[in-house]
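Each chain, written out:
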Amino acid sequence: IWARGKAVSYREFGERAQAIATLLRRNGGVRGDRVAILSHRTDTVYVAILGILFAGATYVALNPRFPTTRNRMILKESEAKALLIDDRCAKAIGDLLDDTPSLTALITPESDMPLAQPGKTVLGKSALEIPASDIDLDLSAESSDLVYIVFTSGSTGKPKGVQITHDNLLAYLDNIREFAGETTPDDKVVQIVDVTFDVSVHDMFTAWTNGAAMISIPENAALMSARFVQEHCITQWFSVPSTARLL
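In this report, we go over the structure that sits alongside the text. (Residues numbered from 1 in each chain as written. Predicted model: local features only at pLDDT ≥ 70, side-chain atom pairs only at ≥ 80, totals over all residues. Heavy atoms only, no water.)

### A look at the packing of aromatic side chains
In step 1: Tallied over the full model, the rule gives six aromatic pairs.
In step 2: Ring geometry for Y59 against Y148: centres 5.4 Å apart, planes inclined by 25°, an arrangement best described as stacked. A residue pair is termed long-range when its members are at least 10 positions apart, and Y59 in strand 4 (residues 58–61) and Y148 in strand 8 (residues 146–151) qualify at 89 residues. Comparing Y59 with Y148 shows no difference in burial state: the two are buried.
In step 3: An angle of 65° between the planes, with centres 5.5 Å apart, marks the rings of F205 and W208 as edge-to-face. Of the two residues, F205 and W208 are both situated in helix 6 (residues 199–208); the distance of three residues between them amounts to about one turn of the helix.
In step 4: The exposure class of W208 is buried, given its relative accessible area of 13%.
In step 5: Joined through ring pairs, the aromatic side chains of Y10, F13, Y46, F205 and W208 make up one cluster. (Phe/Tyr/Trp six-rings, centres within 6.5 Å; stacked < 30°, edge-to-face > 60°. Helix = DSSP H or I, 4+ residues; strand = E, 2+ residues; numbered from the N terminus. Buried < 20%, exposed > 50% of the residue type's maximum accessible area, 1.4 Å probe, protein only.)

Below you can see the structure in the form of structure tokens.
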């Protein structure tokens, strides 16, 4: 993974994700739980996604650019049990967690930031320092288990949570392989969208299931996409047509 100038190897990616999974399970997490993520487009958000899946749970992405009311609605409607949050968002958490009775744990993987959240267990970076011998994973997901829940824009009414299963995701990956060909460890797959946008799933799982590199364009760099593609030797680009015109 490459995000905001930081490169993360698959070894580090896996080890950090396993630590998150173990922490979730140690704090009452069970297969099928919904776990939310609020993070900018850094390595933190991608490690969190994989860690949640390693725990047998379902990830629910929030967005730092969404209004607090929308993020709170997603937390409440998804019945998220835990929230992983980066430091930038944690510093501005405000009243995000008001009226979220299902949420019992708040995890800040980037630091041990002191956060006073009544009724919530707050766990920081030091809680993720787990010896390899103590790693506890749940990789026994059924095809009908949920991978993630993505919420619609709500342009035609109340936003709705769309539930995507492992079976749905695998069927998509099989179909895209037939359509676009094989992805290999030599490929570099670009991600130009936030993880709250369904297209992000293509980039992440096409890369991760084939050992390819996933290169995340910073949120404020979309207009520099052509230069970014050249500098990073991108081999795969997936987007809506209007964004592809930037090339």
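### Quick notes on the pattern of salt bridges
In step 1: Following the criterion strictly, the structure yields 13 salt bridges and no others.
In step 2: Among the salt bridges present, the one from D134 reaches R26, with a minimum N-O distance of 3.8 Å. Within this pair, whereas D134 is found in the loop between strand 7 (121–123) and strand 8, its partner R26 is found in helix 1 (residues 10–26), the two being separated by 108 residues in sequence.
In step 3: For D134, a relative accessible area of 37% puts it in the partly exposed group.
In step 4: Among the ionic contacts, a cluster of salt bridges with common partners joins K6, E12, R16 and D43. (Salt bridge = Lys/Arg side-chain N within 4 Å of Asp/Glu carboxyl O.)

### A look at the environment of T243
In step 1: Relative to the assigned elements, T243 resides in helix 8 (residues 241–244).
In step 2: Relative accessible area serves as the criterion here: at 22%, T243 is assigned to the partly exposed category.
In step 3: Distance from T243 to L103, taken between C-alpha atoms, is 36 Å for residues 140 residues apart in sequence.
In step 4: Excluding residues that lie within four positions of it along the chain, T243 makes contacts with I192 and W237. (Contact = heavy atoms within 4.5 Å.)

### Let's talk about the side chain of H40
In step 1: Following the sequence through the fold, H40 ends up in the loop between strand 3 (34–38) and helix 2 (43–54).
In step 2: Look at H40 and you get buried, because its relative accessible area is 12%.
In step 3: In this structure the side chain of H40 is engaged in a polar contact, spanning 3.4 Å, whose partner is the side chain of R88.
In step 4: The contacts of H40, once residues within four sequence positions are left out, are R4, V45, P64, D86, R88, C89 and E219. (Polar contact = N/O pair within 3.5 Å; in protein donor to acceptor, adjacent residues only side chain to side chain.)

Note that all results are geometric; they support no functional claim without further evidence.
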